[in-house]
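# Overview (structure and organization)
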Amino acid sequence: MSAGEWPLYEVFVRGKRGLNHVHVGSLHAADDEMAVHHARDVYTRRNEGVSIWVVRADAITASSPDEKDPLFAPAGDKVYRHPTFYSVPDDVPHL
Amino acid sequence: MTAVDTDAGPDTGPDPALLAQFERVLARSDRIEPRDWMPERYRATLVRQVAQHAHSEIIGMQPEGSWLTRAPSLRRKAILLAKVQDEAGHGLYLYSACETLGVSREELTLRLLEGRQKYSSIFNYPTLSYADVGTIGWLVDGAAICNQVPLCRTSYGPYGRAMVRICKEESFHQRQGFELLMTMRSGTEAQRAMVQESVDRFWWPSLMMFGPPDAESPNTAQSMAWGIKRNTNDELRQRFVDMTVPQAQALGVTLPDPDLRWNEERGHHDFGQPDWEELAQVVRGNGPCNAQRLAHRQRAHDDGAWVREAATAFAARRSGEPSLSVEPVETPGADR
Ligand SMILES: [Fe+2]
Ligand SMILES: [Fe+2]
C-alpha cells in the first residue's frame, strides 16, 4: 500500500435509536479505526448520528444498478405479494 | 437532446440501447448512479464541475482561515473555526462524489496543484480586514447557496446528495456572516466604515462567482440538457442580486453599483455588469492571490506527507504487513 492513496471506506450512520444505519458517503483512511474517526469528523459534526459503521469499499458486493437487471425480474410479476392485489368488502373492519 | 459520445470515434459510437436507457432516466428526471453507463462527455463534464467545486471548498478555507488567530473574541474564533472546518468537510463530500466517476483522490489533488483544474475565482481575492470574514459569509456563502440549492436536483446522484448535505450547513455560514456585519454596523464609526469598505471590495467579485454571461458560456446548454446544471449563470446572478438588496438595506450598507435599481416591469432588479476582463484575468491565474493560494495548498500537502506515511506504516504494522512496503509519498512541485 502506498502512502499516497489510502483505501476507500463507505460510511453508514444511525441517525438515532430506532433507525437503520444509512449510507452517507465515503472517505479514505489508513485503517478501520482511522476511518471511524474520520467519519465522525466528516459526517457527524452536528449530532447527525449515534452510531457509525465503516466498511472497506472493496469488501462490498453489489448488484448491477441497471433496472433491466434480471436480478430484480423475479419480483416484477408477483403482484400478489402486495395487499392491494386482494379485493375484500369495504365494510369489513381491520383488514 | 443529443448526448452522443463523440470521443468513441465515428464508427464505434455508444451502444444505442445504453444511450437510450441513459436518456430515459434523464427524461423522467431520475438520477444517474455511479455504475450506470453514461456518455464519456457527461462523465468528463461532471468530473470537471465537481472537482472544481471540491477544490473551491478546500482553497476557500484560506481567505477566512487567515483570520482565525486574530478573531476578536473566543466566540468569534469558535464560530470561524467551525465554519472553516465545514468547508473542509464540503471539499471531502465533493471529492468523494467525484471519485465515484472513476478519478482518484490523488489525481484530483495533483490536478489542482498543477493548475490543471480550477477553483472559484472569488478565493483569489485577499481578506484585508476582519469585516471580510462577515462579508464572505454574507455575500460569498450567499452566492454559493444560490448556486448550490438547484444543484441538489442535479442529475448525478452522488453530486446531488453531497449538495443536500452542503446546503444544510451553508445557512449557518451565511447567517454568522450577516450577524457579524450587523454587530460591526452597530459599533464605532471606524467599524461601520470597515463594513462598507469590505462590501465595496467583495460585491463585484461575488457577482462574478456565477461565471461569465450566458452568451459567453458555451457549455451551459449541454450541461442543462444533461440536468447537471439546473439554471443559467445569468438566472442565478439575478436571483442573488434580488435576494441581497433587501439584506443590504437591513444592514445599512450601499452596494457599489450606480445602475442597481428595482425594475417594476421585470419584477427584478436591474444591475450593472461586473468587469468581465478582470474575471478572465483571475481565471487565467493573474488574480491578486492565485500564486499564494496554490503555494499554500502545496505547502499544506507537503507538510502532511509525514502524517500520511506514518499512518500508513502504523496500519501496515498492525495488519501484520512489513512496514517496509511503505513507499515515499510523491510531492510534485515540492522544492524541498
Ligand atoms: Fe462550502
Ligand atoms: Fe460555506
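Structure first, text after, so check above.
First things first, this report covers the structure right here in the doc. (Residues numbered from 1 in each chain as written. Chains lettered and ligands numbered in written order. Predicted model: local features only at pLDDT ≥ 70, side-chain atom pairs only at ≥ 80, totals over all residues. Heavy atoms only, no water.)

### Comments concerning the overall build of chain B
Stated precisely, the cut-off is as follows: Going along the chain from the N terminus, every DSSP run of H or I of four or more residues is numbered as a helix, and every run of E of two or more is numbered as a strand. In this setup the radius of gyration rests on C-alpha atoms only. A globule is expected at 2.2 Å times the number of residues raised to 0.38. Here's how the labels work: a residue is buried when its accessible area is under 20% of the maximum for its type, exposed when over 50%, partly exposed in between, all with a 1.4 Å probe on protein chains only. Whether two residues are in contact is decided by their heavy atoms: any pair within 4.5 Å suffices. The method behind every accessible area is Shrake-Rupley, applied with a 1.4 Å probe, and residues are considered shielded solely by the protein chains displayed. Within this scheme the basic residues Lys and Arg register as positive and the acidic residues Asp and Glu register as negative, but His and the chain ends are omitted. One atom stands in for each charge, and that atom is NZ of Lys, CZ of Arg, CG of Asp or CD of Glu.
The helix and strand tally for chain B stands at 13 helices and 2 strands. Over its C-alpha trace chain B gives a radius of gyration of 22 Å, about what one expects of a compact globule, namely 20 Å for 336 residues. With the C-alpha coordinates aligned to their principal axes, the bounding extent of chain B is approximately 65 × 55 × 35 Å. By residue count, 52% of the 336 residues in chain B fall in the buried class. If you take every contact in chain B between residues at least 6 apart in sequence, the share linking residues at least 24 apart comes to 75%. Working note: accessible area of chain B is about 15700 Å², and carbon and sulfur atoms make up 56% of it. Mean positive and mean negative side-chain charge positions of chain B (38 and 45 charges, respectively) differ by 5 Å.

### Details of the coordination of the iron ion (ligand 1)
All names here are of chain B. Our working definition: Donor atoms (N, O, S) are those found within 2.8 Å of the metal centre, with the cutoff raised to 3.2 Å for Na, K and Ca; water is not part of the atom list, so apparent gaps in a site can occur.
Looking at the iron ion (ligand 1), one finds its protein donor set to be Glu57 (OE), Glu87 (OE), His90 (ND1) and Glu170 (OE), positioned 2.1 to 2.3 Å from the metal centre. Here the donor residues for the iron ion (ligand 1) map to a single chain with the spacing E-x29-E-x2-H-x79-E. In this model, the iron ion (ligand 1) sits 3.3 Å from the iron ion (ligand 2), the two metals being bridged by Glu87. Here Glu87 pairs with His90, and both are found in helix α4 (residues 74–99), just 3 residues apart, close to one helical turn. Side by side, Glu87 and His90 carry an identical accessibility label, which is buried.

### Points about helix α11 (residues 276–286) of chain B
All names here are of chain B. Filter applied, for reference: To obtain the arc, one takes the directions from the helix axis to the C-beta atoms. Two N or O atoms form a polar contact when they lie within 3.5 Å of each other; inside protein one atom must be a possible hydrogen donor and the other a possible acceptor, and for residues adjacent in sequence the pair counts only when both atoms belong to side chains.
Within α11, burial applies to Trp276, Leu279 and Val282. Here the buried residues of α11 occupy an arc of 120° about the axis, which is enough to place them on one side. Where α11 is buried, its residues touch α8 (189–208), α10 (233–251) and α12 (290–303). Where α11 begins, the capping side chain belongs to Asp275, and its oxygen is found 3.1 Å from the backbone nitrogen of Glu277.

### Some remarks on the sheet that holds strand β1 (residues 8–14) of chain A
Residues and elements named next belong to chain A. For clarity, the cut-off: The pairing criterion for strands is at least two bridges between them, as found by DSSP. The axes are straight lines fitted to the C-alpha atoms, using for helices just the contacting stretch, and the angles between their N-to-C directions are given from 0 to 180°.
Taken in spatial order, the 3 strands make up an open sheet running β2-β1-β3, and their pairing is antiparallel. Whereas interior strands pair on both sides, the edge strands pair on one side only; in this sheet they are β2 (21–28) and β3 (51–56). When strand polarity is set aside, the average angle formed by the axes of neighbouring strands in this sheet is 25°. Inspection of the sheet shows β1 paired to β2 by 7 bridges, in the antiparallel sense. Its bridge partner being in β2, Val13 is matched across the sheet by Val22.

### Quick look at the coordination of the iron ion (ligand 2)
Residue and element names in this part refer to chain B. Distances from the iron ion (ligand 2) to its protein donors, Glu87 (OE), Asp141 (OD), Glu170 (OE), Glu170 (OE) and His173 (ND1), fall at 2.0 to 2.8 Å. All donors to the iron ion (ligand 2) come from one chain, and their sequence spacing reads E-x53-D-x28-E-x2-H. Among the residues examined, Glu87 registers a relative accessible area of 5% and is labelled buried. The exposure class of His173 is buried, given its relative accessible area of 0%.

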